[in-house]
Amino acid sequence: MKNHISNTAALSFSLLSGLIFGIGLILAGMANPAKVLAFLDVSGWWDPSLGLVMAGAIGIGLIAFAIAKRRRHSYLGFSIQLPTNRVIDKRLVLGSMAFGVGWGLAGICPAPAFVLLGAGSGKGFIFVVAMVIGMGIYELLEHHRKPAGK
Amino acid sequence: MLIDWNHFTPWTALAGGVLIGTASAIFVLFNGRIAGITGILGGLFKPRRRDIGWRLAFITGLMIAPLAWLLFAPLPAIEINASNALLAAAGLIVGIGTRYASGCTSGHGVCGISRLSPRSIIATLAFMATGVLTVYVARHVLGV
């Protein structure tokens, strides 16, 4: 079976998934950083809308991943690759906590950042560039942490 | 806690969430992968030849979403009040944090919770908590 998803059908479904994901973010209001911050501002004028975004997404996701867990291969014949790591460690918790701080400062998380970029937002562009540099810094730190070739 | 009923948009939020869930469903059921933006983008830092196309295709899909939207309706308001310096700092922190956490709102918050992964539930609680705390400190303590 195919482990590499690289043919035309796979690329088309990737593009379609990204497109539907992005349209969902716009419709949901998640592409508007002010609305995201209003959701995080529980002690001010709280806008609970994004809780319903999570509810809607997880409602569909629960069904999809229940099906995916029972299958070894996707409908296109690729192996289904679900994360196997089950370790709850400092990297997970501190990394998530740091992400939350950045999210709370700008109201932008990685997926909406690309929607903002596509919408031609200069501020979205700045965020995406900084985010990619941040990911590059992670790669450098990790490269130094582990011996080469490991 | 005071609910801002004027800006509360339950139906578009729910419908948008259903689309996000549908996109994640299509991605895992057809391509066999998690629709986590951190993982999709992070994989491009150590590119394997047959692995680049689908990652770029997904990100391209996200980027053309506003253009597709514009074919039918004007885009909803996008309000970014943060200064460029603050956005750059926030972007850096998000980039480093999400990679250490191996996921963000999409990978952990949507796909991970949907898989009932304890790691993702912890991650989501952690970034929600510090997100709320950060906004609290910025708005109500520092008054930014």
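See above for the structure.
Residues numbered from 1 in each chain as written. Chains lettered and ligands numbered in written order. Predicted model: local features only at pLDDT ≥ 70, side-chain atom pairs only at ≥ 80, totals over all residues. Heavy atoms only, no water.

K.L.:
I'm lost on a nonpolar patch on the surface in this one. Help?
P.N.:
A cluster of nonpolar side chains, contributed by F125(A), V129(A), I133(A), I137(A), L141(A) and L92(B), occupies part of the molecular surface with about 470 Å² of accessible area. At five residues, the largest contribution of residues to the nonpolar patch is made by helix α6 (residues 122-145) of chain A. As for its position among the elements, V129(A) is in helix α6. Relative accessible area serves as the criterion here: at 35%, V129(A) is assigned to the partly exposed category. (Patch = residues over 30% accessible without salt bridge, like charges linked within 9 Å, V, L, I, M, F, W, Y side chains within 5 Å. Areas by Shrake-Rupley, 256 points an atom, 1.4 Å probe, with all protein chains shown as cover. Salt bridge = Lys/Arg side-chain N within 4 Å of Asp/Glu carboxyl O. Helix = DSSP H or I, 4+ residues; strand = E, 2+ residues; numbered from the N terminus. Buried < 20%, exposed > 50% of the residue type's maximum accessible area, 1.4 Å probe, protein only.)

K.L.:
Can you walk me through the packing of aromatic side chains in this structure?
P.N.:
The relation between two aromatic rings is expressed through the spacing of the ring centres and the mutual angle of the planes. Per the counting criterion, the structure on display carries 11 aromatic pairs over all chains. Ring centres of Y75(A) and F30(B) lie 5.3 Å apart, and the angle between their planes is 70°; on these two criteria the pair is classed as edge-to-face. Linking Y75(A) in the loop between α3 (49-70) and α4 (90-106) with F30(B) in helix α1 (residues 10-31), this pair reaches from one chain into another. (Phe/Tyr/Trp six-rings, centres within 6.5 Å; stacked < 30°, edge-to-face > 60°.)

K.L.:
Any chance you could explain the environment of R72(A) here in plain terms?
P.N.:
Residue and element names in this part refer to chain A. Take R72: it is sitting in the loop between α3 and α4. Among the residues examined, R72 registers a relative accessible area of 69% and is labelled exposed. When near neighbours in sequence (up to four residues on either side) are disregarded, R72 contacts F78, S79 and I80. (Contact = heavy atoms within 4.5 Å.)

K.L.:
I'm lost on the packing of helix α5 (residues 110-118) of chain A against α6(A) in this one. Help?
P.N.:
Packed helix pairs are specified by the crossing angle of their axes together with the interaxial distance, meaning the distance between the axes. Residue and element names in this part refer to chain A. Viewed as axis vectors pointing N to C, α5 and α6 meet at an angle of 135°, and their least axial separation amounts to 8 Å. Judged on the interaxial angle alone, α6 and α5 are oblique. In terms of crossing hand, the pair formed by α5 and α6 is left-handed. Contacts between α5 and α6 pair P110, A113, F114, L116 and L117 from the former with G124, F125, F127, V128 and M131 from the latter. Looking at the contact of α5 with α6 residue by residue, the classes come out as nine nonpolar, one polar and no charged. (Axes fitted to C-alpha atoms, helices over the stretch in contact; angles between N-to-C directions. Parallel < 35°, antiparallel > 145°, perpendicular 65-115°, else oblique. Left-handed = near helix turned anticlockwise from the far one by under 90°. Nonpolar A, V, L, I, M, F, W, Y, C, P; charged D, E, K, R; others polar.)

K.L.:
Even after reading the chapter, I still don't get the state of the cysteines, so can you show me in this structure?
P.N.:
By definition, a disulfide is the covalent link that joins the sulfur atoms of two cysteine residues. Per the stated rule, a full pass over the model turns up zero disulfides over all chains. Left without a disulfide partner, C109(A) is nearest to the cysteine sulfur of C104(B), which lies 6.3 Å away. Owing to a relative accessible area of 0%, C104(B) belongs among the buried residues under this scheme. (Disulfide = S-S within 2.5 Å.)

K.L.:
Looking at this model, I keep getting lost on the interface of chain B and chain A. Mind explaining?
P.N.:
In this complex, chain B contributes 104 residues to the contact, which on the side of chain A involves 109 residues. Summed over both sides, the interface of chain B with chain A buries roughly 10,100 Å², with 76% coming from carbon and sulfur. Among the residues of chain B in contact with chain A, L29(B), Y100(B) and R119(B) are the three that bury the most area, contributing 8% of the side total. Inspection of the region where chain B meets chain A yields 25 residue pairs in polar contact (both at pLDDT 80 or more). (Buried area = accessible area lost by both parts, 1.4 Å probe. Polar contact = N/O pair within 3.5 Å; in protein donor to acceptor, adjacent residues only side chain to side chain.)

K.L.:
Could you clarify how one ought to interpret the packing of α3(A) against helix α5 (residues 105-114) of chain B in this entry?
P.N.:
Between α3(A) and α5(B), whose axes approach to 7 Å, the crossing angle comes to 40°. Comparing the axis directions of α3(A) and α5(B) gives the class oblique. Both α3(A) and α5(B) take part in a crossing whose hand is right-handed. Residues M54(A), A57(A), I58(A), G61(A), L62(A) and F65(A) of α3(A) pack against G109(B), V110(B), C111(B), I113(B) and S114(B) of α5(B). The residue inventory of the contact of α3(A) with α5(B), partitioned by class, reads eight nonpolar, three polar and no charged.

K.L.:
Whenever I open this one, the pattern of salt bridges confuses me. Can you help?
P.N.:
Between side chains of opposite charge, a pair can form as their charged atoms come close. According to the stated counting rule, one finds seven salt bridges over all chains in the structure shown. Across the pair K35(A) and D47(A) runs a salt bridge whose closest N-O atoms are separated by 2.6 Å. In this pair, K35(A) is assigned in helix α2 (residues 33-40) and D47(A) in the loop between β1 (45-46) and α3, connecting sequence segments 12 residues apart. Residue K35(A) shares its accessibility class with D47(A), and that shared class is buried. R55(B) is paired through a salt bridge with D51(B); the nearest N and O atoms lie 2.9 Å apart.

K.L.:
Help me understand the environment of R99(B) in this model?
P.N.:
With respect to the helices and strands, the residue R99(B) is situated in helix α4 (residues 84-101). Spatially, the C-alpha atom of R99(B) lies 13 Å from that of F127(B), the residues being 28 residues apart in sequence. In this structure R99(B) touches M135(A), Y138(A), E139(A), T38(B) and G42(B), once residues within four positions along its chain are discounted.

K.L.:
Help me out: how do you make sense of unusual backbone geometry in this one?
P.N.:
The phi torsion of most residues other than glycine is negative, and most of the peptide bonds are trans. Residue and element names in this part refer to chain B. You will see that S102, though not glycine, has its phi angle at about 60°, which is positive. Mapped onto the elements of the fold, S102 is located in the loop between α4 and α5. Using a relative accessible area of 47% as the deciding quantity, one classes S102 as partly exposed. Positive phi, close to 60°, is recorded for L116, a residue that is not glycine.

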